[in-house]
Amino acid sequence: MDGLVDATLAFQQRFPADIVKITPASSFQLRDLGQTDAWTGDRLGRRDFGPALVSAPEDWMKVIECSPSESHLSLHFQAARRLRSQIPRETPLVQTIFDPMFQACTLARGVWEDHIHTVPHLVRAALDVLTDRTVRMIETFRDIGVDGVFLAVQHGTRPEYGALGLGRALACVRAAGPDAVNLVHLHGAGHPEWFATSFAGSILHTSFEDNPAVLDEAARHPDLWLAGGLAPSLLAQSTAAEVFAATKAIRSCMANRRFLLGAGCVIWPETPAANIDAFLGAAREG
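Report on the accompanying structure. Every value quoted in this text rests on a predicted model; they were computed, and no experiment measured them.

### Let's talk about the environment of Ala104
For Ala104, the location among the structural elements is in helix H4 (residues 100-107). Along the primary structure Ala104 and Ser198 are separated by 94 residues, whereas in three dimensions their C-alpha atoms are 21 Å apart. Residue contacts for Ala104: discarding those within four places in its chain leaves Trp60, Trp112, Leu127 and Leu130.

Here it is in structure tokens:
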């Protein structure tokens, strides 16, 4: 966990941002349940997961009845505590959290679609357990001094998300408290327009070119916070001058609304430092 802390502090020192995001592996909420994984070089940081914990319907009971030790999770609490002690209090620190539906879909890779139709009562019960556990986790992060969550919504385009995912994701956001700095990240393309107003009070972070319906609906609600920026490929593969111009164009487009400029999704490891400097320069130019 020292690597996570050191990398976060080093990046913030080299590229000072107004908000610091703690970005653990997408498996960090599932390790104590027995889910294994490995990083094999994916430039987005995505993990290759080991065998799914849920393959047969009765396997959901392992999730429902499990009382994990939280030995792995405790390391992330320690990391957050160290970061909070070294980052100025006036700089918001947000913890990445993966929503309950992502957790359930990961645990049941290959059988999720079948089980939501054949054993929906078990799926819902497991989702409730995962939600309760995530809420307690967020409350602990808040007690440590984290200012909010960056809630990653990975399956928002699935037709069942409205019934199975949205309410539980909202419970996670509420757990951060009324004064929290919360961002909700819609990962991927093709999210329906109703996402624009589903997380009112949070900053909605997404790729605008991938989710035009969300952006069109958000345009009708200028009081909503939006967040976004350049696509990872554009930030990594353009010249510094092109990055500067593209960032200024986003600022101009969003000039009349509440907007937080940041990475469009992630920053690829090979992104030139000069390009990030150009991005920050354009963001802060008067």
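### So, the layout of surface pockets
Once rolled over the atoms, a probe with the size of a water molecule shows which space is left empty. A volume near 160 Å³ is recorded for the second largest pocket. Looking at the second largest pocket, the residues that line it are Leu170, Val173, Arg174, Gly177, Pro178, Ala180, Asn182, Ser198, Phe199, Ala200, Gly201 and Ser202. In terms of residue count, the dominant contributor to the lining of the second largest pocket is helix H8 (residues 166-175) (three residues). Broken down by class, the residue content of the lining of the second largest pocket amounts to six nonpolar, five polar and one charged.

### Section: the packing of helix H3 (residues 71-86) against helix H6 (residues 120-144)
Two numbers describe how H3 lies on H6: the axes approach to 9 Å, and their chain directions differ by 30 degrees. Between H3 and H6, the angle falls in the class roughly parallel. The two elements H3 and H6 meet at a crossing, and its hand is right-handed. Each of Leu73, His76, Phe77, Ala80, Arg81 and Arg84 in H3 lies in contact with H6, whose residues at this interface are Arg133, Met137, Thr140, Phe141 and Ile144. Counted by class, the contact of H3 with H6 contains six nonpolar, two polar and three charged residues.

### Describing empty space enclosed by the protein
In total, this model carries one cavity of 30 Å³ or more according to the counting rule given. Each pocket or cavity is described by its volume, and for the largest cavity that value is around 30 Å³. Taken together, Ala196, Phe199, Ala200, Ser202, Leu204, Leu224, Trp225 and Leu226 form the lining of the largest cavity. Its residues placed into classes, the lining of the largest cavity shows seven nonpolar, one polar and no charged.

### Let's talk about the pattern of salt bridges
Pairs may arise between side chains of opposite charge once their charged atoms sit close together. Summed over the entire model, instances satisfying the criterion amount to 18 salt bridges. A salt bridge links Glu113 to Arg158, with the nearest nitrogen and oxygen atoms 2.7 Å apart. On the criterion of sequence distance, the pair formed by Glu113 in helix H5 (residues 112-118) and Arg158 in the loop between strand S5 (148-153) and helix H7 (161-164) is long-range, its members being 45 residues apart. Overall, Glu113 belongs to the partly exposed group, its relative accessible area being 40%.

Here is what the cut-offs are and how they apply
- Residues numbered from 1 in each chain as written.
- Predicted model: local features only at pLDDT ≥ 70, side-chain atom pairs only at ≥ 80, totals over all residues.
- Heavy atoms only, no water.
- Helix = DSSP H or I, 4+ residues; strand = E, 2+ residues; numbered from the N terminus.
- Contact = heavy atoms within 4.5 Å.
- 1 Å grid on protein atoms, 1.4 Å probe; cavity = no way out; pocket = protein on both sides within 12 Å on 5 of 7 lines; lining within 4 Å.
- Points joined across faces, edges and corners; volume = space filled by probe spheres on them.
- Nonpolar A, V, L, I, M, F, W, Y, C, P; charged D, E, K, R; others polar.
- Axes fitted to C-alpha atoms, helices over the stretch in contact; angles between N-to-C directions.
- Parallel < 35°, antiparallel > 145°, perpendicular 65-115°, else oblique.
- Left-handed = near helix turned anticlockwise from the far one by under 90°.
- Salt bridge = Lys/Arg side-chain N within 4 Å of Asp/Glu carboxyl O.
- Buried < 20%, exposed > 50% of the residue type's maximum accessible area, 1.4 Å probe, protein only.

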